[in-house]
Amino acid sequence: MAEPAPTGPGSAAVPAAAATTATATARLAGGAPVDSPVAAALARYWTPERMRTAISLDRVAGSPRAAQSKAGPTGRPGSTPPAQGRSDTVRPLINESAAVGKVFFTNPSNGLNYTCSASALNSASKQMLITAGHCVHGGSGGTWMTNWTYAPRYRSGARPFGTFAAKQFRTFNTWISSSDLGRDVAMVTTWPLNGNKIVNVTGGHGLSWNFSRTQAVTVMGYPGNRDNGELQWACQGTTRAVSDGRIEIQCDFGGGSSGGPWLREFNDANGLGSVNGAMSTLAAGGWNRSSYFDDAVKAMFDAQGGVT
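Caption draft 1: Here's a closer look at the environment of A40. For A40, the position within the fold is in helix α1 (residues 36-45). What makes A40 partly exposed here is its relative accessible area of 41%. Separated by 124 residues in the primary sequence, A40 and F164 have C-alpha atoms spaced 9.0 Å apart.

Caption draft 2: Representation of the packing of aromatic side chains in the model. Inspection of every chain in the model, using the stated rule, returns seven aromatic pairs. Ring centres 5.5 Å apart and planes at 65° place the aromatic pair F104 and Y154 in the edge-to-face group. Of this pair, F104 sits in strand β4 (residues 100-107) while Y154 sits in the loop between β7 (146-152) and β8 (164-172), and the two are 50 residues apart along the sequence. Pair check on accessibility: F104 and Y154 agree, each one buried. Within the aromatic cluster, the residues linked to one another by ring pairs are Y45, W46, F104, Y154 and Y222.

Caption draft 3: Main features of the state of the cysteines. What the rule picks out here adds up to two disulfides. Disulfide pairing places C116 opposite C135 at an S-S distance of 2.1 Å. Residues C116 and C135 are joined through a disulfide that is left-handed, its torsion about the S-S bond being -85°. Here C116 is found in strand β5 (residues 112-121), whereas its partner C135 is found in the loop between β6 (128-131) and β7, with 19 residues between them in sequence.

What counts as what
- Residues numbered from 1 in each chain as written.
- Predicted model: local features only at pLDDT ≥ 70, side-chain atom pairs only at ≥ 80, totals over all residues.
- Heavy atoms only, no water.
- Helix = DSSP H or I, 4+ residues; strand = E, 2+ residues; numbered from the N terminus.
- Buried < 20%, exposed > 50% of the residue type's maximum accessible area, 1.4 Å probe, protein only.
- Phe/Tyr/Trp six-rings, centres within 6.5 Å; stacked < 30°, edge-to-face > 60°.
- Disulfide = S-S within 2.5 Å.

Encoded structure:
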């Protein structure tokens, strides 16, 4: 996962092929699709013991490689609005947001349980999350993850808002075919829980794209090298460009933080911001990296945001 590289502007145009995405129905480890009754059964599968012993995902399947898609601004910067959740959603500390949570899933390649991070993303469906591509698909030589569920504001086994089972995944084809770190992004539609949609419960962040690679951000997630990944952590600073087109910030967040949001304009009063990156890798010197969010990421949002 660590792959030190010099920094630079890296703003080449994106080939059209690098922007295409693929979807998959969320499934159990046995292959059954996750429908509404199965979603309830999936919550029972994820016992406190399974959650506690799940492995913080700190590597991508196959051989990690540099980003192939050197994304750059292809239009004007834009953002979608966040949405607040129900009135009793409380965010007491800067390192906690109800709209950020811990992900649990099984990797069919070895049958082991893993964890990542994700966040709720406001869209027409009110059912969507954003995370890293490698948290939904193993990349080159891998397959789609199973038993996938999301626990917003997970805290040492506590799940104050319950767990939301995945319904459908979407990620970039170049991530699936070649583990392209320039496209290590995914969006996930979840099943409602007891009739409640995730964004209506916890609130949801907005999305930003085509902004400068130098942005003040708040990075949030569940790094395994902090409190064993049992608590939500935050890191604040300013991103910079990587020569392969991505962005980086020196948070030294380890495995388990993958998929956590990099938030522009974070509002400490409600725990919401605008997702401008998703945790992807950790390089030498504690530099965390994210794919650059361009028009292709916005197109993924447009394609998946209305799926219910």
